[in-house]
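# Geometric and topological summary
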Amino acid sequence: NLDNFKYSSESSLKYFLVQVSASILVLFSFLNSFILINSIEQLMPTSMFLFNSAILMKMGAAPFHFWYPEVLEGLSWANALLLMTWQKIAPMILIMYNFKLNLFFILIILMCMTLGSVKTWNQTSLKKILALSSINHIGWMLSMMMLNQSLWMLYF
């Protein structure tokens, strides 16, 4: 079907642009710390904020979720399954290695849980419901990291 191809191309382009933007932010966060303190072993607080924001954007967590439901809507079911599962493992591991409970992560957790559940109420598209459910579950996995850094894998 030609319409499915059109939406697939649009979804692929949106996904690519978001991932490239987030990757640029990751590189910028490391370069920022390297220029200011001449080390990338310990990121400065602003660089850590940029790094975590970029990783959360790559994962599609709220409030960086603006792209996620639309991209998922245009994908095939097999690609949607990959985006909702495998594409979240690497970012979650990166967050796990530098997870420090602070106000930033508490706000991200609350936004993921709230937006993921409230936006689902009036949806009729199954793929959008799954996308918003995935955002909600990111909040639950991040809250599991507060208890035990390995517990999120069991929940995943």
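Residues numbered from 1 in each chain as written. Predicted model: local features only at pLDDT ≥ 70, side-chain atom pairs only at ≥ 80, totals over all residues. Heavy atoms only, no water.

### So, the UniProt feature "transmembrane region" (unreviewed entry) in the protein
UniProt's entry tags residues 15-37, 49-68 and 138-155 with the feature "transmembrane region" (unreviewed entry), counted in the numbering of this structure. Its end C-alpha atoms 10 Å apart, residues 138-155 is made of 83% helix and 0% strand. (UniProt positions renumbered as here; feature names shortened; annotations may be inferred. Helix = DSSP H or I, 4+ residues; strand = E, 2+ residues; numbered from the N terminus.)

### A closer look at the pattern of salt bridges
Taken as a whole and assessed by the stated rule, the structure comprises one salt bridge. In this structure, lysine 14 and glutamate 10 form a salt bridge, with 3.4 Å as the shortest nitrogen-oxygen distance. With lysine 14 and glutamate 10 both in helix H1 (residues 2-37) and four residues apart, the pair spans about one turn of that helix. For lysine 14, a relative accessible area of 31% corresponds to the partly exposed category. (Salt bridge = Lys/Arg side-chain N within 4 Å of Asp/Glu carboxyl O. Buried < 20%, exposed > 50% of the residue type's maximum accessible area, 1.4 Å probe, protein only.)

### Digging into the packing of helix H2 (residues 45-59) against helix H6 (residues 103-118)
At a closest axis distance of 12 Å, the pairing of H2 and H6 adopts a crossing angle of 20 degrees. Taken together, the axes of H2 and H6 are roughly parallel relative to one another. Our pair here, H2 against H6, has a crossing hand that is right-handed. Along its contact with H2, which presents Phe49, Asn52, Ser53 and Leu56, the element H6 presents Phe104, Phe105 and Ile108. (Axes fitted to C-alpha atoms, helices over the stretch in contact; angles between N-to-C directions. Parallel < 35°, antiparallel > 145°, perpendicular 65-115°, else oblique. Left-handed = near helix turned anticlockwise from the far one by under 90°. Contact = heavy atoms within 4.5 Å.)

### A short note on the packing of aromatic side chains
Counting across every chain of the model gives six aromatic pairs. Arranged with centres 5.5 Å apart and planes meeting at 70 degrees, the rings of phenylalanine 30 and phenylalanine 51 form a pair that is edge-to-face. With phenylalanine 30 in helix H1 and phenylalanine 51 in helix H2, this pair connects stretches of sequence that are 21 residues apart. Take phenylalanine 30: its relative accessible area is 29%, and that puts it in the partly exposed class. Overall, the relative accessible area of 7% leaves phenylalanine 51 in the buried class. Between tryptophan 152 and phenylalanine 156, the aromatic rings sit 6.2 Å apart at their centres with planes inclined by 70 degrees, giving edge-to-face as the arrangement. (Phe/Tyr/Trp six-rings, centres within 6.5 Å; stacked < 30°, edge-to-face > 60°.)

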